[in-house]
Amino acid sequence: MSFNLKQWSWVLGSFAMLALFSLSRDDHGSVRTPPVRRELRSVSRRDNTYNQMLSKTDNQVVLNNGLVQLTFSYPGGDVIGIKYKGIDNLLDIKNQPSNRGYWDLVWNKRGEKGGVDKLQGTRFKVVRTTSDQIEISFTKTYSHSLGNASVPLNVDKRYIMQRGRSGFYAYAIFERLKGMPEVDMDQIRIVYKLQQDKFRYMAISDDRKRVMPTADDRANGLPLAYPEAVLLTNPSNPDFRGEVDDKYQYSSEDKDNKVHGWICKDPAVGFWIITPSDEFRTAGPFKQDLTSHVGPTALSMFVSTHYAGKEVGMTFRDGEAWKKVFGPVFIHLNSAPSSNEYLTLWENAKEQLVEEMQRWPYNFTQSKDFLSSDQRGSVAGQLLVRDRYRNKRLIWASSAYVGLAAPGNAGSWQKESKGYQFWTQANKQGYFLIKDVRPGNYSLYATVPGFIGDYKYEANIIIQPGKEINLADLTYEPPRNGPTLWEIGIPDRSAAEFNVPDPSPTLMNQLYTNHTDKFRQYGLWERYSDLYPNHDLIYTVGTDNYPDDWFFAHVTRNTGNQTYEPTTWQIRFQLNKGANPGNYTLQLALASATNAEVQVRVNDWSANPPHFTTGLIGKDNAIARHGIHGLYWLFSVGLRNDRLQEGNNTIYLTQSRHKTTFDGIMYDYLRLEGPPQE
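Per an unreviewed UniProt entry, the protein is named rhamnogalacturonan endolyase, and its organism is Prunus persica. The heading Subcellular location (unreviewed entry) in the UniProt record of the protein holds the text "Secreted". In its Catalytic activity (unreviewed entry) section, the UniProt entry covering the protein states "Endotype eliminative cleavage of L-alpha-rhamnopyranosyl-(1->4)-alpha-D-galactopyranosyluronic acid bonds of rhamnogalacturonan I domains in ramified hairy regions of pectin leaving L-rhamnopyranose at the reducing end and 4-deoxy-4,5-unsaturated D-galactopyranosyluronic acid at the non-reducing end."

Caption draft 1: Quick peek at the sheet that holds strand β9 (residues 123–129). The strand order across the open sheet built from nine strands is β9-β10-β11-β12-β26-β21-β20-β14-β15, with neighbouring strands paired in antiparallel fashion. Two strands in the sheet have a free side with no partner beyond their single neighbour: β9 and β15 (208–211). In this sheet, adjacent strand axes meet at a mean angle of 15 degrees when their direction is disregarded. Sheet topology note: the strand β12 (residues 167–176)/strand β26 (residues 322–335) ladder contains nine bridges and is antiparallel. Across the sheet, I173 pairs through a bridge with V325, a residue of β26.

Caption draft 2: Highlighting the sheet that holds strand β38 (residues 538–540). Pairing in this open sheet of five strands is mixed, and the strands run β38-β42-β48-β44-β45 from one edge to the other. Lying at the two open borders of the sheet, with one neighbouring strand each, are β38 and β45 (612–613). As paired elements, strand β44 (residues 598–602) and strand β48 (residues 647–655) share five bridges and run antiparallel to each other. The residue bridging V602 from the neighbouring strand is I651, located in β48.

Caption draft 3: View of the domain arrangement of the protein. In terms of domains, the protein is made up of domain 1 (54–359), domain 2 (373–476) and domain 3 (484–673). Put simply, the middle of domain 1 and the middle of domain 3, counted by C-alpha atoms, are 37 Å apart. Across the contact, 25 residues belong to domain 1 and 26 residues belong to domain 3. Overall, the association of domain 1 and domain 3 removes approximately 2200 Å² of surface from exposure, summing both partners, and the carbon and sulfur fraction of that is 52%. For the domain 1 face of the interface with domain 3, the top three residues by lost area are Y226, Q249 and Y307, together amounting to 26%. Inspection of the region where domain 1 meets domain 3 yields zero salt bridges.

Caption draft 4: Looking closely at the environment of R493. Secondary-structure assignment places R493 in the loop between β37 (484–489) and α4 (527–531). Using a relative accessible area of 9% as the deciding quantity, one classes R493 as buried. Separated by 275 residues in the primary sequence, R493 and R218 place their C-alpha atoms 33 Å from one another. Those residues in contact with R493, other than ones at most four positions away along the chain, are F286, W413, Q414, T447, G453, D454, A591, H629, Y632 and D668.

Caption draft 5: Focus on the pattern of salt bridges. As enumerated under the stated definition, the model contains 36 salt bridges in all. Linking D206 and K350 is a salt bridge whose minimum nitrogen-to-oxygen distance equals 2.7 Å. Residue D206 is located in the loop between β14 (199–205) and β15, and its partner K350 is located in helix α3 (residues 344–359); the two are separated by 144 residues in the primary sequence. Note on K350: relative accessible area 23%, which makes it partly exposed.

Caption draft 6: Main features of unusual backbone geometry. Cis geometry is found at the peptide bond from Y74 to P75, where omega equals 5 degrees. You can see P75 is positioned in the loop between β5 (68–73) and β6 (79–84). Between N608 and the following residue, P609, the backbone shows a cis peptide bond with an omega angle of 5 degrees. By the element assignment, P609 lies in the loop between β44 and β45. At Y307, a position not held by glycine, the phi torsion is positive, near 60 degrees. Here Y307 is to be found in the loop between β24 (297–303) and β25 (314–316). The exposure class of Y307 is buried, given its relative accessible area of 2%.

Caption draft 7: Representation of the nonpolar core. Counting residues in each nonpolar core, the largest one holds 110 residues, and the members touching the most others are F174, Y192 and F271. Mapped onto the domain boundaries, this core takes at least three residues apiece from domain 1 (54–359) and domain 2 (373–476). Residues within four places of F271 in sequence aside, it is in contact with I82, L90, Y192, L194, F199, H260, G261, W262, A298, I331, H332 and L333. Counting residues in hydrophobic clusters, the runner-up holds 67 residues, among them L586, I623, F662 and Y667.

Caption draft 8: Quick peek at the UniProt feature "domain: Rhamnogalacturonan lyase" (unreviewed entry) in the protein. Those places that UniProt annotates as "domain: Rhamnogalacturonan lyase" (unreviewed entry) correspond, in this numbering, to residues 398–471 and 484–672. Each end of residues 398–471 is marked by a C-alpha atom, and these two atoms are 17 Å apart; helix forms 0% of the span and strand 43%. Taken as a whole, residues 484–672 contains 5% helix and 40% strand, while its terminal C-alpha atoms sit 6 Å from one another.

Caption draft 9: Layout of the packing of aromatic side chains. Following the criterion strictly, the structure yields 48 aromatic pairs and no others. Where F280 meets F302, the ring centres are 5.7 Å apart and the plane angle is 65 degrees; that geometry is what we call edge-to-face. Placement of F280 in the loop between β21 (269–274) and β22 (288–289) and of F302 in strand β24 is noted, with a sequence separation of 22 residues between them. On the basis of relative accessible area, F280 is assigned to the buried category, the value being 0%.

Rules of the game
- Residues numbered from 1 in each chain as written.
- Predicted model: local features only at pLDDT ≥ 70, side-chain atom pairs only at ≥ 80, totals over all residues.
- Heavy atoms only, no water.
- UniProt positions renumbered as here; feature names shortened; annotations may be inferred.
- Pairing = 2+ DSSP bridges.
- Helix = DSSP H or I, 4+ residues; strand = E, 2+ residues; numbered from the N terminus.
- Axes fitted to C-alpha atoms, helices over the stretch in contact; angles between N-to-C directions.
- Domains from an automatic or database assignment.
- Contact = heavy atoms within 4.5 Å.
- Buried area = accessible area lost by both parts, 1.4 Å probe.
- Salt bridge = Lys/Arg side-chain N within 4 Å of Asp/Glu carboxyl O.
- Buried < 20%, exposed > 50% of the residue type's maximum accessible area, 1.4 Å probe, protein only.
- Core = buried A, V, L, I, M, F, W, Y, C linked by side-chain atoms within 4.5 Å.
- Phe/Tyr/Trp six-rings, centres within 6.5 Å; stacked < 30°, edge-to-face > 60°.

Spelled out as structure tokens, the structure:
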């Protein structure tokens, strides 16, 4: 079956209707009226237009479109003031100006201690002005004379303000020229720190929004197993007493991290970070990262090693050249007529997200490195699955995630960080359309819910401007050696379906009580010893069920005095071997690994060496950071026929590394396959 891009018109049309609803509305849903124009001293004439949005002093640059006033440090380019709806500054005026709204980058040279570069500009310019828009630039240029005082990188931070829009756009072009010193870069982000006495209500999603404790509440609390987690012992709001606050409790997968922010109730004002595309983020759609957290702090994360480890940081060697555009993201400000209507600000922020997604890729940026839609291409097709032990016919790859990323091996996208990635979710029949892709050379990847492993198309995909690529039917054959004898879990790259216990009553976050994201509670790893005080987990196939009887994380056992011991889980099962003399396969899919080693033994718990070992794997730290998954691992473990016996059998799974309480794994899915059948 071939697939024509025109078949997708109905999909695009539905999004367009949603966008039209908000295009002509103001912050409260009313029809927009032209804003009041404020006179400001102009310092530039571009396109023969006298721009009234810009003024400048010796140490500040001010943009004002009549709705929002932004103040930047000069020439550094930090956002030091945001004036909106009668609030002189939404940002925390108790902080130093350089610690309010800024870009920063965590970096190190190989073998040396890392540092943070706040990417202070040394040169300012007006890129372009029209009667409706202004774009400004703060640049930082690397010089070898700076040595270790500065990351070897050129940075162009840009801001765009438009008339009639309640907010501003931020993006940056990062560039390494050939010959620049080697460097590792592990985090790139924008940070906004808001006024603590005003912004108390945080919203990340429809089911994750609440009044939050304050930074002072955290400072007066009791630090727990790591600095980010604090038990609130004497909060300003007594309702928070006895709760745990931890910024990692509010992380999200990049595919879901589109809009988040804060609300001030009096006056009713919202501050939102809207990310209309994931193309400039790293490591694929399931990469998790921080959003908003106590401060009040709002983050736009572009690169980080969170939930993955240093493997997803950027490493540049031998004078490697590189360039990438991060953003634009839209900082959206909105307001409501009264404090009683403050929750409408979240609904409006979601509407604004729809509008920004419809406008992507933006056509108003002035950098030649950010490409508009007509400079991009697209690819479409249908993905099917062939699994003859499940169905003799081809199966639709329903809801598969299909993406373009740098050429590599199957699954390599989850560790790729230097290039752009473009992902979409296929429909029920496996049809997909990846549009607005930057020109370049890519591999086409996919992961299909319900099937293990990763798909990769055999040929590279070359995207050209304005070109539509229509692929023939694609077929994924997931790893499979024989029929399923038993299985534990759901192959979805997550441990969420397993037994996530209730937290200790003294270590709860009330937001996640009776919540689907129960795994975000603090300290759940410690519950293993509570539930299995005398022996490790034993799972009997046919009697036990994985939602209740398979603990979500295979962790160490705490023996006191900060010492830990390995744990060994058992899977007991009956086997009718029959007359087939072939070998068996244990498909072992892991959702997370941190300083872990899984050893597999069959019917002999003391076998040395074990019948299989993963070796030391993982640095994602997802157990400690309430992530329910980190990087995905798949091991197809061959089991000789003579290792299994007629009747009762036991597979022993030992997590042998035990330096800390966080050394461990989370299983995604386990399956025992019988010998191949003709």
